[in-house]
Amino acid sequence: MYAKVIVDVPAKQTNRAFDYEVPASLTKWVEVGSRVGVPFGPRVLQGFVVELHADTQVDVKRIKPILNVLDLVPPLTEELVMLGRWVSRMYLCHEVTALQAMLPAALKAKYERMIGVGEESGEQALLEMSDLQEIVRFVKSKGSVSMDALMERFASEGALIKQLLSAGILTEEQKVKDRMNTKKALTVFPPAGGLGLEEALLELPARANKQKDVLRYLLEHPHAIRLTALMETIEVGASTVKSLADRGWIELREVEVMRDPYAGRAFARTKPLPLTEEQTGVFTEIRDAVAAERNEVFLLHGVTGSGKTEVYLQSIQQCLDMGKEAIVLVPEISLTPQMVERFKGRFGDLVAVLHSRLSNGERYDEWRKITRKQVKVVIGARSAIFAPFTQIGLIIIDEEHESSYKQEESPKYHTRDVAVQRAKQQNAVVVLGSATPSLESIELTKRRRDREKPPFRLLTMRERVANRPMPPVAIVDMREELKNGNRSMFSRSLYKAIEDRLQKKEQIVLLLNRRGYATFVMCRTCGFVSSCPHCDISLTYHQSSRMLRCHYCGYAEREVTQCPSCQSEHIRHFGTGTQRVEEELSKIFPGIRVIRMDVDTTTEKGSHEKWLTMFREKQADVLLGTQMVAKGLDFPDVTLVGVIAADTVLNIPDFRSAERTFQLLTQVAGRAGRHEKQGEVFVQTYTPEHYSVQYASQHDYIAFANHELDIRANLGYPPYQRLILVTFSHESVPLLVRSAEAFVTRLKEIAMEYSTKQMDLFANVVSMDSSFHMDVLGPVASPISRIKDRYRFQCVVKYRGEDQAADIVGRTVAWFEERSAKEKLQISVDVDPQYLM
DNA sequence: AGCACGCCGACT
DNA sequence: GTCGGCGTGCTC
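Residues numbered from 1 in each chain as written. Chains lettered and ligands numbered in written order. Predicted model: local features only at pLDDT ≥ 70, side-chain atom pairs only at ≥ 80, totals over all residues. Heavy atoms only, no water.

Within an unreviewed UniProt entry, the label attached to chain A reads Replication restart protein PriA, and the organism entered is Paenibacillus alba. Taken directly from UniProt, the Subunit (unreviewed entry) text for chain A runs: "Component of the replication restart primosome." Per UniProt, the comment on chain A under Function (unreviewed entry) is "Initiates the restart of stalled replication forks, which reloads the replicative helicase on sites other than the origin of replication. Recognizes and binds to abandoned replication forks and remodels them to uncover a helicase loading site. Promotes assembly of the primosome at these replication forks." (UniProt positions renumbered as here; feature names shortened; annotations may be inferred.)

Novice: Hey, could you go over the protein's contact with DNA strand C for me, with residue numbers and the actual values?
Specialist: The environment of DNA strand C is formed by 13 residues, the closest being Arg16, Asp19, Phe40, Gly41 and Lys64. Sugar and phosphate atoms form 41% of the subset of DNA strand C atoms that lie within 4 Å of the protein. Take tyrosine 20: an N or O atom from its side chain is 3.3 Å from a phosphate oxygen of DNA strand C. Separating a phosphate oxygen of DNA strand C from a side-chain N or O atom of lysine 64 is a distance of 2.3 Å. Elements that contribute at least two residues to the surface near DNA strand C include exactly β2 (18–21) and β3 (35–40). Looking at the surface near DNA strand C residue by residue, the class counts come to six nonpolar, three polar and four charged. (Near = heavy atom within 4 Å. Polar contact = N/O pair within 3.5 Å; in protein donor to acceptor, adjacent residues only side chain to side chain. Helix = DSSP H or I, 4+ residues; strand = E, 2+ residues; numbered from the N terminus. Nonpolar A, V, L, I, M, F, W, Y, C, P; charged D, E, K, R; others polar.)

Novice: Lay out the sheet that holds strand β17 (residues 392–398) in plain terms, naming residues and giving numbers.
Specialist: Taken in spatial order, the seven strands line up as β15-β16-β14-β17-β18-β13-β19 in an open sheet, and their pairing is parallel. Among the strands making up the open sheet, the edge pair consists of β15 (351–354) and β19 (456–461). Taken pair by pair, the neighbouring strands of this sheet meet at an average axis angle of 15°, ignoring direction. With five bridges joining them, strand β14 (residues 325–329) and β17 adopt parallel strand pairing. Among the inter-strand pairings, isoleucine 327 is bridged to a residue of β17, identified as isoleucine 395. On top of the sheet, helix α11 (residues 277–291) reaches β13 (297–302), β17, β18 (429–434) and β19; it is set at about 155° to β19, its chief contact. The strands touched by helix α12 (residues 308–321) are β13, β14, β16 (377–380), β17, β18 and β19; relative to β17, the strand with the most contacts, the crossing angle is about 170°. (Pairing = 2+ DSSP bridges. Axes fitted to C-alpha atoms, helices over the stretch in contact; angles between N-to-C directions. Contact = heavy atoms within 4.5 Å.)

Novice: Before we move on, could you go through the UniProt feature "binding site: Zn(2+) 1" (unreviewed entry) in chain A and cite the residues and values that matter?
Specialist: Mapped onto the present numbering, the UniProt feature "binding site: Zn(2+) 1" (unreviewed entry) falls on Cys523, Cys526, Cys563 and Cys566. Considering the C-alpha atoms alone, the annotated residues occupy 44 residues of sequence yet fold into one spot, their largest mutual distance being 8.6 Å. If you trace the backbone, cysteine 523 turns up in strand β22 (residues 520–523). Since its relative accessible area comes to 1%, cysteine 523 is described here as buried. Those residues in contact with cysteine 523 that lie beyond four places of it in its chain are Phe528, Cys563, Cys566, Ser568, His570 and Ile571. For cysteine 566, the position within the fold is in the loop between β25 (556–558) and β26 (571–574). (Buried < 20%, exposed > 50% of the residue type's maximum accessible area, 1.4 Å probe, protein only.)

Novice: Could you give an account of the protein's contact with DNA strand B, naming the residues involved and the relevant values?
Specialist: Every residue near DNA strand B is listed here: Val9, Ala11, Gln13, Pro42 and Arg43. Counting only atoms of DNA strand B within 4 Å of the protein, the fraction found in sugar and phosphate groups is 53%. At 3.1 Å, a side-chain N or O of arginine 43 approaches a base nitrogen of DNA strand B. Of the residues that constitute the surface near DNA strand B, the class distribution is three nonpolar, one polar and one charged.

Novice: So what about helix α8 (residues 209–220)? Which residues, and what values?
Specialist: The end-to-end C-alpha distance of α8, which contains 12 residues, comes to 17 Å, matching closely the 16 Å that a straight helix rising 1.5 Å per residue would cover. Among all positions of α8, only Gln211, Lys212, Val214, Leu215 and Leu218 are buried. Buried residues in α8, looked at end-on, bunch into an arc of 155°, giving them a common side. Buried residues along α8 sit against β10 (183–189), α7 (197–203), β11 (225–226), α9 (227–234) and α10 (238–246). (Expected span 1.5 Å × (residues − 1). Arc of directions from axis to C-beta.)

Novice: Go over the pattern of salt bridges with me, naming the residues and quoting the values.
Specialist: Applying the stated rule across the entire model yields 34 salt bridges. Arginine 85 is the partner of glutamate 95 in a salt bridge, and the nearest nitrogen-oxygen pair spans 3.2 Å. Here the residue glutamate 95 occupies a position in helix α2 (residues 95–101), and arginine 85 occupies one in helix α1 (residues 78–90), the gap between them amounting to 10 residues. For the salt bridge of arginine 712 with glutamate 708, the shortest nitrogen-to-oxygen distance reads 2.9 Å. (Salt bridge = Lys/Arg side-chain N within 4 Å of Asp/Glu carboxyl O.)

Novice: Tell me about the nonpolar core, and name the residues and values.
Specialist: Counting residues in hydrophobic clusters, the biggest one holds 112 residues, and the most contacted among them are Ile370, Ile395, Leu623, Ile724, Phe728, Phe743 and Met774. Examining the composition of this core, we find that eight residues originate from one element, helix α25 (residues 733–754), more than from any other. One finds Phe298, Val311, Ala326 and Val429 within the second-largest nonpolar core, a separate group that totals 33 residues. (Core = buried A, V, L, I, M, F, W, Y, C linked by side-chain atoms within 4.5 Å.)

Novice: Residue-level account of a nonpolar patch on the surface, with values.
Specialist: A contiguous nonpolar patch, built from Trp29, Leu72 and Val73 and spanning about 340 Å² of accessible area, is present on the exposed surface. Structurally, the position occupied by tryptophan 29 is in the loop between β2 and β3. Take tryptophan 29: its relative accessible area is 38%, and that puts it in the partly exposed class. (Patch = residues over 30% accessible without salt bridge, like charges linked within 9 Å, V, L, I, M, F, W, Y side chains within 5 Å. Areas by Shrake-Rupley, 256 points an atom, 1.4 Å probe, with all protein chains shown as cover.)

Novice: How would you explain the confidence of the model for chain A if you had to name every residue and give the values?
Specialist: Averaged over every residue, the pLDDT of chain A is 84; the share at 70 or more is 89%. Taken together, the stretch residues 757–765 has pLDDT below 50 and engages in 15 contacts with residues farther than four places along the chain or on a different chain. (pLDDT = per-residue confidence, 0-100.)

Novice: Describe in detail the pairing of strand β7 (residues 109–117), supporting the description with residues and values.
Specialist: Pairing of β7 with strand β9 (residues 170–178), which is carried by nine bridges, proceeds in the antiparallel orientation. Bridge pairing in β9 links methionine 114 to glutamate 173. One ladder, built from three bridges, connects β7 with strand β8 (residues 144–146); its direction is antiparallel. Paired with glycine 116 across the bridge in β8 is serine 144.

Novice: So what about empty space enclosed by the protein? Which residues, and what values?
Specialist: Inspection of the entire model under this criterion finds one cavity of 30 Å³ or more. Counted as a void, the largest cavity has a volume near 40 Å³. Around the largest cavity sit Val473, Leu665, Ala669, Val681, Val683, Val693, Ala696 and Ser697, which together line it. For the lining of the largest cavity, the secondary-structure elements that each account for two or more residues are α22 (657–669), β30 (680–685) and α23 (691–697). The element that contributes the greatest number of residues to the lining of the largest cavity is α23, accounting for three residues. For the lining of the largest cavity, a count of residues per class yields seven nonpolar, one polar and no charged. (1 Å grid on protein atoms, 1.4 Å probe; cavity = no way out; pocket = protein on both sides within 12 Å on 5 of 7 lines; lining within 4 Å. Points joined across faces, edges and corners; volume = space filled by probe spheres on them.)

In structure tokens:
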């Protein structure tokens, strides 16, 4: 029997399966999806089994055996291996990178070279050298040492150690290990039925009171108990218990325990809530599809507060009733304890939670609940789409429009597209939910090809539960404010509203979009802006440390008080960071209690939840923050929402900026007045006439979508054409330009080979047949033209039609890598990019 | 990605 | 004459 194995080397040359023999002793354990240790050239590597073949005939000269299997249960299923192949083709990454992305970080391979002392004494002449003897003695005293430890101890003797190895005086064994250990805890095991404990009690000397306490307790509770728990309940020391174990009356040994981040938290069980008529209609559609095991994608457009979550919960229940599993994906930022509580409250221990705030160990343990079939529902961020379930009935993606569903590192997959593919493989139902669906998704509910029905089916919920009206949104024209002499960042109307809420002791949410609007330092005399010496961006001012920091490479320098360029003292930080808003608030409203939430205040583990809890408990009047305050939060006493500057998103040069502005405004507007009290929203802007601002204030998604789709169609942007962003980087600009241009030329050549028609050179366009059309923009300097001293150029491939484009670009990249590898030219490909930078 | 094999300069 | 520079090519 032999296996095809993908080895853990993400390189073009090794991006294929290698054949290995499955030794008879391992046939029971090796499955498709197994992680194995295999010899690869001179080293030992981790690999993934992607195929198994019963025959022994292999067309390879010499075949090596699989050395070991790393898990009792394969961490990947056959279906996930298939999905991995799809991801690597679709997003142009190495197959092993795709497979690796499906596993928790804890399972990332760790390689260890263990050094021991060899059998033979070796050549006497060598052994007599004193430093050699020292090395050998050192290794001998430890039994075996890792190569790293040895090199650290004898740093200057690298060559000698090599000699000792080749002479056989030292031996080397390579090991593939997990990065993670399972957690163990000492556990006390009384004999079955407390047998013999009575006698032990009599045997103990009279003054051994503590030991007697332990025995009495165990007689009453004759079952295994964690040592720490026992010590706490009857207040004894560890030594007391150990001495009992030493005498053989009880057993004390290490047992693997699960790290449960939600341990000790009781979740009040909830029952399904009655659905409104509208909810019922939507739920019925989803339930029927799940019940029929029909592979179908629903786009659920439901306004904020329309009760999407309850529909999700009841759909999942249907899925569980059929013995199937469900995956719920939520943007990282809205995966709050409240959210978890709703799912744990309904489904209890059948739920595993995967999010990035968990430690590697905790995440690993949650993940293992899936492979052990202890759970049926997974709720998590992006990567939870790869949960190793085998009977998926339903995949839900909440806030489907969120750009965080696109992974920014390789594999640069979009969770929504992976979900649709995975549902196809498992014949499952997908529900994409949003108050502001992405234009990609809404377009797929309209598209009709060959008079077939559209790929996605639209479901709509227009009403908020309990018929609460959408809050009125007031657009405030900041140009008028300026004209009237108000130079503060708060308009008069917002000022009055804040004053009013403070008086009524109601709460306020203020939103400031930070992206592209960070505080930077500028000289008011000469216009000098402090920027990073390695990257093409201005440095950001951090008040807490009084430092200027680069967001890309981490470079930091002290705050300057004098302009480095013209020596002027008129230098200060600009831009409205949350810190400045906070300062101004306190100035205008003395005594106001503000909670600020931004990257600076939420990096610490758990701080995010801490602030929100404080706000919920009304320990503050204002919650001030960046985007993270806009998502899914639900506070009953918030009656005022203010957007300080709506234009910051709008002015980013990106074809999706109108869409993002609309989404953001709609979301914050949904934060106000979700409960009995009526809410009010103020949006401050310098471009009040913009359609994204207008439609958002009218709560009219459909009108916005139609307007924006028209624009996209005219400009040939997604969803009507798709994009692939190719970025090149190198220290030398001339080389970069030459290479990028060569790439584009070759790309067009390769495209021509696919083509059936002549390339229209004049229009810079490749037309193949009526269904396929490709266009290359650039190369041009990237918007961020330098990162870490490497200059960046990019080109955008725009295409319409089937997925030949990824193939064409893939082939061009392969050609390019071959001829530019030695020049250290980096190339990165992003299929369906979310940001063109 | 590593690591070995292989072919040309500055040393014992 | 050798030690070692890193260019090229392979890993089942």
